[in-house]
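# Summary of the model geometry
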Protein chains: 2
Amino acid sequence: MEKYVYLFNEGNKDMRELLGGKGANLAEMINMGLPVPNGFTITTKSCNQYYANNEKISGELQTEILDNLHKLEKITQKKINDSKNPLLLSVRSGSPVSMPGMMDTILNLGLNDELAKSLATTEANKRFIYDSYRRLIMMFANVVKGADKDEFEKILINKRKQKGVSNDLDLTAEDMYDIAMDYKDLYQKLLNESFPQDIKTQLLEAVAAVFRSWHNERANIYRRLNNISDSLGTAVNVQMMVYGNLTDKSLTGVAFSRNPANGENKLYGEFLEKAQGEDIVSGVRTPKSIEAMERDYPNIYKELKDIAKLLEHHYQDMQDMEFTVEDGKLYILQTRNAKRTTLAALNVATDMVKENLITKKEALMRISPNKLNDLIHPSFEENSLKEAKLITSGLPASPGAVSGKIYFDVKSIVLASKNNISAILVRSETSPEDIEGMNVAAGILTVSGGMTSHAAVVARGLGRVCISGCHEIIVNEEKKEMIINGKVYKEGTEISLDGLTGNVYEGVIATKENSLTDNFSEFLSWAKEIKTLGIRANADTPKDAEKAILLGAEGLGLCRTEHMFFEEDKIFAMRKMILAQNQEERLNALDELLVMQRKDFEGLFTVMKGKTIIIRYLDPPLHEFLPKEAKEITKLANYFKKSKEEIMKIIDNLKETNPMMGHRGCRLAITYPEIAMMQTKAIIEAAISVKAKGIEVCPEIIIPLVSDINEFKYLKDVVNNTAKKIMKQNKVNINYKIGTMIEVPRSVIQADLIAQEAEFFSFGTNDLTQFTYGLSRDDAASFLNDYYDKKIFNFDPFKTIDQNGVGKLMIVAKKLAKKTNPQIELGICGEHGGDERSIEFCHKIGLNYVSCSPYRVPEAILAAARAAIRGEQ
Amino acid sequence: MEKYVYLFNEGNKDMRELLGGKGANLAEMINMGLPVPNGFTITTKSCNQYYANNEKISGELQTEILDNLHKLEKITQKKINDSKNPLLLSVRSGSPVSMPGMMDTILNLGLNDELAKSLATTEANKRFIYDSYRRLIMMFANVVKGADKDEFEKILINKRKQKGVSNDLDLTAEDMYDIAMDYKDLYQKLLNESFPQDIKTQLLEAVAAVFRSWHNERANIYRRLNNISDSLGTAVNVQMMVYGNLTDKSLTGVAFSRNPANGENKLYGEFLEKAQGEDIVSGVRTPKSIEAMERDYPNIYKELKDIAKLLEHHYQDMQDMEFTVEDGKLYILQTRNAKRTTLAALNVATDMVKENLITKKEALMRISPNKLNDLIHPSFEENSLKEAKLITSGLPASPGAVSGKIYFDVKSIVLASKNNISAILVRSETSPEDIEGMNVAAGILTVSGGMTSHAAVVARGLGRVCISGCHEIIVNEEKKEMIINGKVYKEGTEISLDGLTGNVYEGVIATKENSLTDNFSEFLSWAKEIKTLGIRANADTPKDAEKAILLGAEGLGLCRTEHMFFEEDKIFAMRKMILAQNQEERLNALDELLVMQRKDFEGLFTVMKGKTIIIRYLDPPLHEFLPKEAKEITKLANYFKKSKEEIMKIIDNLKETNPMMGHRGCRLAITYPEIAMMQTKAIIEAAISVKAKGIEVCPEIIIPLVSDINEFKYLKDVVNNTAKKIMKQNKVNINYKIGTMIEVPRSVIQADLIAQEAEFFSFGTNDLTQFTYGLSRDDAASFLNDYYDKKIFNFDPFKTIDQNGVGKLMIVAKKLAKKTNPQIELGICGEHGGDERSIEFCHKIGLNYVSCSPYRVPEAILAAARAAIRGEQ
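Residues numbered from 1 in each chain as written. Chains lettered and ligands numbered in written order. Predicted model: local features only at pLDDT ≥ 70, side-chain atom pairs only at ≥ 80, totals over all residues. Heavy atoms only, no water.

The subject of this paragraph is the environment of Gln-750 of chain B. All names here are of chain B. Within the element layout of this structure, Gln-750 appears in the loop between helix H29 (745-749) and helix H30 (751-755). Given a relative accessible area of 4%, Gln-750 falls into the buried group. C-alpha of Gln-750 to C-alpha of Glu-387: the two residues are 363 residues apart in sequence and 61 Å apart in space. A distance of 2.9 Å separates the side chain of Gln-750 from the backbone nitrogen of Ile-709, its partner in a polar contact. (Helix = DSSP H or I, 4+ residues; strand = E, 2+ residues; numbered from the N terminus. Buried < 20%, exposed > 50% of the residue type's maximum accessible area, 1.4 Å probe, protein only. Polar contact = N/O pair within 3.5 Å; in protein donor to acceptor, adjacent residues only side chain to side chain.)

It is worth spelling out the packing of aromatic side chains at this point. Overall, the coordinates contain 36 aromatic pairs over all chains when judged by the stated rule. Pairing Phe-152 of chain A with Tyr-183 of chain A gives two aromatic rings, centres 5.1 Å apart and planes at 85°, and the pair type is edge-to-face. Highlighted residues: Phe-152 of chain A in helix H6 (residues 149-163) and Tyr-183 of chain A in helix H7 (residues 173-191), separated in sequence by 31 residues. Look at Tyr-50 of chain B and Phe-211 of chain B: their rings are 5.2 Å apart centre to centre, the planes differ by 40°, and that puts the pair in the tilted class. (Phe/Tyr/Trp six-rings, centres within 6.5 Å; stacked < 30°, edge-to-face > 60°.)

Let's shift gears to the sheet that holds strand E26 (residues 613-616) of chain B. Residue and element names in this part refer to chain B. Here 8 strands make up a closed barrel; going around it, the order is E24-E25-E26-E27-E28-E29-E30-E31 and the pairing parallel. Across the sheet, the axes of successive neighbouring strands diverge by a mean angle of 25°, strand direction being ignored. The sheet contact formed by strand E28 (residues 737-742) and strand E29 (residues 760-764) spans 3 bridges and is parallel. In the strand pairing of E29, Ile-742 is matched with Phe-763. (Pairing = 2+ DSSP bridges. Axes fitted to C-alpha atoms, helices over the stretch in contact; angles between N-to-C directions.)

Attention shifts here to the relation of the copies chain A and chain B. In summary, the two copies of the chain are related to each other by a rotation about an axis coupled with a shift along it. The transform that puts chain A on chain B rotates by 180° and translates by 0.1 Å along the axis, for an RMSD of 0.2 Å. Such a turn and shift between the copies fits a two-fold axis. Nearest to the rotation axis, the C-alpha of Asn-658 of chain A is located 2.1 Å from it, this being the minimum over chain A. In this assembly the copies share their binding face: 100% of the residues contributing to the interface of chain A also contribute to that of chain B. (Least-squares fit on C-alpha atoms with pLDDT ≥ 70 in both. Contact = heavy atoms within 4.5 Å.)

Contacts between the two partners involve 45 residues from chain A, matched on the other side by 45 residues from chain B. Here chain A packs against chain B, burying approximately 4000 Å² in sum over the two surfaces, 57% of which is carbon and sulfur. Across the chain A-chain B interface, the total number found is 2 salt bridges. Applying the counting criterion to the chain A and chain B interface returns 30 residue pairs in polar contact (both at pLDDT 80 or more). Mapped by element, the contributors of at least two residues to the side of chain A that touches chain B are helix H26 (666-671), helix H28 (709-730), helix H29 (745-749), helix H31 (765-773), helix H32 (777-789) and helix H33 (806-820) of chain A. No other element matches H32 of chain A, which puts 6 residues into the side of chain A that touches chain B. (Buried area = accessible area lost by both parts, 1.4 Å probe. Salt bridge = Lys/Arg side-chain N within 4 Å of Asp/Glu carboxyl O.)

As a further point, take the confidence of the model for chain A. Looking at chain A as a whole, the pLDDT averages 91, with 97% of positions reaching at least 70. Note on the complex model: pTM 0.74, ipTM 0.73. (pLDDT = per-residue confidence, 0-100.)

This paragraph deals with the environment of Asp-498 of chain A. All names here are of chain A. Relative to the assigned elements, Asp-498 resides in strand E21 (residues 494-498). Of the residues examined, Asp-498 reaches a relative accessible area of 9% and is grouped as buried. Residues Asp-498 and Gln-729, 231 residues apart in the sequence, show an inter-C-alpha distance of 57 Å. Filtering out sequence-adjacent residues up to four positions away, Asp-498 remains in contact with Phe-380, Gly-400, Ile-467, Asn-503 and Tyr-505.

Turning to the environment of Phe-793 of chain A, a few remarks are in order. Relative to the helices and strands, Phe-793 of chain A is located in the loop between H32 and H33. Its relative accessible area of 7% is what places Phe-793 of chain A among the buried residues. For the pair Phe-793 of chain A and Arg-224 of chain A, spaced 569 residues apart in sequence, the C-alpha separation works out to 9.8 Å. Those residues in contact with Phe-793 of chain A that lie beyond four places of it in its chain are Tyr-773, Leu-784, Tyr-787 and Tyr-788 of chain A together with Asp-708 of chain B.

In this section: the pattern of salt bridges. Residues and elements named next belong to chain B. A full pass over the atoms with the stated rule returns 114 salt bridges over all chains. Put simply, Lys-487 and Glu-506 hold a salt bridge, and the shortest N to O gap is 2.8 Å. Placement of Lys-487 in strand E20 (residues 487-490) and of Glu-506 in strand E22 (residues 503-506) is noted, with a sequence separation of 19 residues between them. Assessed through its relative accessible area of 37%, Lys-487 is described here as partly exposed. Looking at Glu-506, the relative accessible area reads 22%, which means it is partly exposed.

A few words now on the sheet that holds strand E15 (residues 423-427) of chain A. Residue and element names in this part refer to chain A. The sheet built from 8 strands is open, its strands ordered E12-E22-E21-E14-E15-E16-E17-E13 with mixed pairing. Two strands lie at the open edges of the sheet, namely strand E12 (390-393) and strand E13 (395-398), each paired on one side alone. Adjacent strand axes in the sheet meet at a mean angle of 30°, parallel and antiparallel pairs treated alike. Two strands pair when backbone bridges link them, and strand E14 (residues 401-407) and E15 are joined in this way by 3 bridges, in the parallel orientation. Bridging from a neighbouring strand, Ile-406 pairs with Ile-424 of E15. In this fold helix H16 (residues 410-418) packs onto E14 and E15, with an angle of close to 175° to the strand it touches most, E15.

Attention now moves to the pairing of strand E31 (residues 849-852) of chain A. Residues and elements named next belong to chain A. Side chains of E31 alternate between two faces, with Tyr-849 and Ser-851 and Val-850 and Cys-852 buried alike. Bridge count for strand E24 (residues 534-538) against E31 is 4 bridges, and the pairing is parallel. Looking at the pairing, Gly-534 lines up with Tyr-849 of E31. Bridge count for strand E30 (residues 825-829) against E31 is 2 bridges, and the pairing is parallel. Each residue of the ladder has a partner; that of Ile-828, found in E31, is Val-850. A crossover links E30 with its parallel partner E31, the connecting element being helix H34 (residues 836-844), and its sense is right-handed. (Right-handed = clockwise from strand over helix to strand, strands pointing away.)

Residues of helix H2 (residues 44-52) of chain A that are buried include every one of Thr-44, Ser-46, Cys-47, Gln-49 and Tyr-50 of chain A, and no others. Buried positions along H2 of chain A lie against helix H1 (16-32), strand E2 (39-42), helix H3 (59-76), helix H8 (199-213) and strand E5 (235-240) of chain A.

A separate point is the nonpolar core. Among the nonpolar cores identified, the biggest contains 291 residues, and Phe-605, Phe-761 and Met-810 of chain A together with Phe-605, Phe-761 and Met-810 of chain B are the most heavily contacted of them. The residues touching Phe-761 of chain B, leaving out its near neighbours within four places in the chain, are Thr-740, Ile-742, Ala-751, Ile-754, Ala-755, Ala-813, Ala-817, Ile-824, Glu-825, Leu-826, Gly-827 and Tyr-849 of chain B. (Core = buried A, V, L, I, M, F, W, Y, C linked by side-chain atoms within 4.5 Å.)

Right, dumping it as structure tokens:
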């Protein structure tokens, strides 16, 4: 028979799949002999069973819960509903993967009218008990019954007004009693039933509510954003309450074994006196720093610091602990591997290697590759910063520097981000409901909350710039504005956030690139030693290519020649080429483009110094280059000596129903071979001139959108004939290769034929995904959310390679290609080239390289190393 | 060593690959002892060698040609350049597959100044010789040197004017001499060289010119239209000239062993007295019918008739012969299996089975399936015909009835056809240059020419209505108008052609369907006996379904529910559904649609009487249904009580960048399951009501555009749950199946998973082709011609299944599906379902059925039978 409930002393840290992260760690700590309030954990399997059982707790599970409640009474020597020594409980979620704040918690469970009355023996007791009771009623109403919390908050606010106080601590025992009774009435009114007085009913309903919170909207979104499987389920931890708000010698806090912002090896944290844990997390009161504890509570500080070191050694990782001091006694309520900024993660990992705590490989496995680019994010350019107007300051909660327009609600910022607006979310304090808005924000600014508030934790996790605790700001969310020192900033106003200093500025400030730290370089060098997959970058300009090399790229896997044409001065020549109505006009325009493109290639070859550079020939539908503005159309009309109407008609004729499957890629060069000739000429002539300077040059030409071997053969001939002619004229030989994109399903099927002619393949997984699914990336956003909501898709195939579809085609292509050309080089370019799961897949199927944008090169290197490490295991 | 040249007596009819059709048959006839002017054939391999050799005749080939010329001199006992008994030659193309008129011919070769002078011994001789010489000069200038023929024609026309005669026969010997000399001068002027006097030079240059004509533009287009491979090459036949214009006892003509229009078993043909073959084919003079020959030349008629029967028995097929009578002696210049109307083909084939000349299977192999629908083409509706105004009459050259707008040049008619205009090509006479225009024309009308003129032959081959020899018409091609009895008809005027009677009418005449002849039904019944592949039809209305069943369909392979919604009265309800901004509005609109759709299904189920009917759920992007006209937008704005601008904004939001890969297919029903629920409700309720009338009902529901097993599962649940509920409410059980379209490459890869859930697959080869190639059918036309011209594609993958790509995916899907579901039923729907090569492929890979449009059902049945026959061989 399945065991659904584990006492803490029955578990250990390796059981997180079954007990959740929190439950497993509580068990581990109990067994280590640490001061942890005892309790039991209801397993994640129970959660799945709850859903399988039509969202009902089975009789079997109910019995097991109540049995363990009984055992807990014995262990703690307390009893539920006991007026002398009552067992009060917290009921908390805890999933195998941390999802901070996404699910629900109920505290103070075990109180009812009778018990409260009998416990309220002194004035202090009475205040404490009814404060606890009113919190229970509110949480129960909200979490279990779905009532609106704000209705309860209003009662509290009214009471404060009535009594003329601004802090709850100034309310009396009688006030708390009144509030608790008003809450009970409101409960009855809102829910048409009375608050349950039976403790077991309270417990079982609370457990069910936590199960249900596994599928609340924000949890679903969080899992999707973080690629967490829906089938994990959450465990429920039922634990004896301890109270940081019981006496004057009580406090509650959060501590990190090292600094989560920069990794410094020193206890770090915050605490609140006379408070419950939720007061810290919610950011309602601004807490004191751990230094104040060292001064004011030296013994507790020492005990906490020792436990932190012990736990860190035990877990071999930096810990994030929740603790409560109840009347002078320290309890550890939770420990977990700490969330940290990437900077901290990097420094902690490299430090721990040096401390011989972990190996290099373990260090590499500690940092999620997609976090690395936090470290190479730009900061504000110093001169611009000097001139910028500082308007206020807060806590530097998540590093980086960003400028953007301000928004005050999720809906508006999501809309803004869809329009590619760099947007900053401004909130009094963020809550888990804001997760979607935070995800699309470039930066986050909050009025209250500390370094460990919801906003700060989530922002660091998402790699967003965040400044919290900016108390000077008055936010009016209804009017969509904020006031700072009397000045009104409306929605859409531009400001700048410096996440390293906590400074907020008016307007936009120029940013600059950051050079890499020594730790970063060392860390990357470990990854390079271990990885076997080649890492190249997608870059179209010498500047990007330089950046890519600096960040560790071994070559360019994709140089998109059309990007060169989008530049201001080149697009007019491009337009002349496209609108040419005969070959002569076209050749004239191509002559102009040749000069420009040759110069571009000279620049790139010079920077690359003999490293491979894969140059893709003109790819997008021609109409992408065409003007929409009247001024530009007039310019073209003048050039061609045609009327504006005629030019507009030509432009109109170029429009396509499905441009993604239209006249693009190699199809353009088949219609107009002169384009391919021009591009070849530009490459070979540039190679000749750079080679003349003694610099090695390795151009590889790649033909896009090939679906048939004959397309490739035709263009290969065009390229080779053109190249031969130029090399003969110049009496110089240039070594170049010709390969093809594999981005159309048919090229996969013909891979054996194509491999006989091509020297390398690059999988264009963006387009291959589009065609394999028959799914337009530009249009999918409107309905893919329905796919996630209905669990039809559980990841975005444009972000992560679809191994069950697209990936299988890649394997087929590789197999067919190697059969006819065992030497063929295989790689991928495109968005997937920087995604860890996709890189691991590419490593596994034995590709030679991946190629991604320059800023993603370090993460690709790390991902490749991790794939190699996983492969060894 | 390769033998490049064969004397006629060295070949036989089975060598058509090497000697071409004409050469092989000439050889065969020589060996049968028939009166054929002797000669030799230069092989198709020589043609390929000519191209491989940079378009030069190799020394080796030249030697072999001249050797055989020498042998021919011995056989004919004539000598080139011999003033007593000169050997004059024709040089004609002849490819393995008949391409009538597409390549070049040179006649009278072997004349020069010297020889002409010495042969011109009498006045009659002189006239004949210089007539022949001037024709040689003109043909040589045009065919070998590329000079414009019209310049030569002008000299002839001027001479007629000058002499006041209208017929060349009235020109004297002296006139002919003058013309020949003027031609020689013009030759010198145009080409800057003199006409070659050396006979061997004439011959070798003529041979090279014929080789070159294999790749002239019209030959290339013809091959593409007829799926003939470019690599076949043409042979060249060099043959002794005989002259139908030598004496008064000379004539030339064309004869068919049976009637090529209707198949009647009676010699049929035309001839011209004192004429060369080209005079008949070009249609300049209107020839006499073969009945006149029976009367005026009874002996020759009898000899010709006997030879026709002999050849027909020998070839076991109806023959098309060219003959010339030179001074009373009959020569057969060519025989070949006759081109014929489909009606004739059908009647000849069934007659020959009854005459025990061929077997049923042979009969089935005689008719190309795509010709069959000529027989089910509509004719004019009798009452409308009575009221129509007859404007003129001509020869009924190709059957059928059509109304359309008139065009006088290829460019205009091609443009018109692109705009879906039913267009009629009107020409004085057509020439091979017109092939592209004839292909897009709905009908063809010519002033001169007989039943065997170029226009007539090509029109019958293409299945176009054609009336030729309409002498009352005066065409002015420059002014783009024709005049009939003084009335001017400008470009774009509508007329009607009755290809069965030869009558031309003003305006548009209503047409009606034709019932099938007994021969047709019998022929089809043979096909049905032999075929193993199921044939279903694509039909969306009871009317179409009835037609399909009448034409032999065994079920409906595709009923596109959205086509029902495009109807006038339904589209408004559909628009209301699409523009609904909340579920309530949407459900209201769906309720309206439900009533309509249920009625549609009741009609279909009633007609189908228990035959399978596959119903595809809503497929196209929603914006296809949206209005463009202001009136319609206003109507919607009124309904929704919104402004026009708001409605236009909603419509705008629905626009997609690549709608083919956008929100369509099952993606719609995943976003709006209520659509699938409504469609299921309509089907099941309709089935219940039809079943109540005692009619069996077999609905099969098919989910479109599935790319992932989860999509299918989700919608299968929606369908099953809805169906169950309705069946339970009505206490009736309906047997239905649920299957999926395989039209996205990813569904192929997941076919094993999907087959576990789906009861049948239908390959949507249209979309599968689009996604496999990454090629939009709507946009491909703009560049696919370049692909054909550059030999990158040699067929249209949207017409014929691409067996090397799409077909391979189909095989993979079948293999995977059968692994997990051996009983699964597999078929295809879409354009390919009516294409013979595609049907043969489906037969070969073991699909259960193909489905095509109702009119294509007979051809699909025939194609399936032919595939089965080929499979046995």
